[in-house]
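Observations on chain architecture
These are the residues of each chain, in order.
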Amino acid sequence: LAKLVAEKTGCEVRFLENPRKEDAENELDVSNRKFCSLGLNPITLEMGLLDEVVSIANKYQHRCDRSKVLPSSFWNKARADAAKSDRA
């Protein structure tokens, strides 16, 4: 997702330390097969949904308080310490 956003907007991707204490990989298995079997065609990010999101984000970017975007609370001190280097 980050790669798609970067390609669409020209922004730089920064990989930050996760503020939560959780596994790096999520084993969530997601499928849209049932929707497709009903004849529904999903709109994927590549097919235009991301274009709409970027357009709306650009339209309202003046309302964004960028100081609130990065996490400010952490699950433990180790996560907070790791995030300090991310803010540089």
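Provided above is the structure to which this section pertains.
The sections below set out a description of the structure shown in this document. (Residues numbered from 1 in each chain as written. Predicted model: local features only at pLDDT ≥ 70, side-chain atom pairs only at ≥ 80, totals over all residues. Heavy atoms only, no water.)

1. Some details on the overall build of the protein
Tallying secondary structure elements over the protein gives four helices and zero strands in all. Ordered by position from N to C terminus, the α and β elements of the protein give α-α-α-α. In terms of C-alpha radius of gyration, the protein reaches 17 Å, well past the compact-globule figure of 12 Å for 88 residues. Projected onto its principal axes, the C-alpha positions of the protein cover 50 × 35 × 20 Å. A burial count over the protein gives 8% of its 88 residues as buried. Of the contacts formed within the protein by residues at least 6 apart in sequence, a portion of 72% connects residues at least 24 apart. When the accessible area of the protein is evaluated, it comes to approximately 8,100 Å², of which 54% is carbon and sulfur surface. (Helix = DSSP H or I, 4+ residues; strand = E, 2+ residues; numbered from the N terminus. Rg over C-alpha atoms; globule rule 2.2 N^0.38 Å. Buried < 20%, exposed > 50% of the residue type's maximum accessible area, 1.4 Å probe, protein only. Contact = heavy atoms within 4.5 Å. Areas by Shrake-Rupley, 256 points an atom, 1.4 Å probe, with all protein chains shown as cover.)

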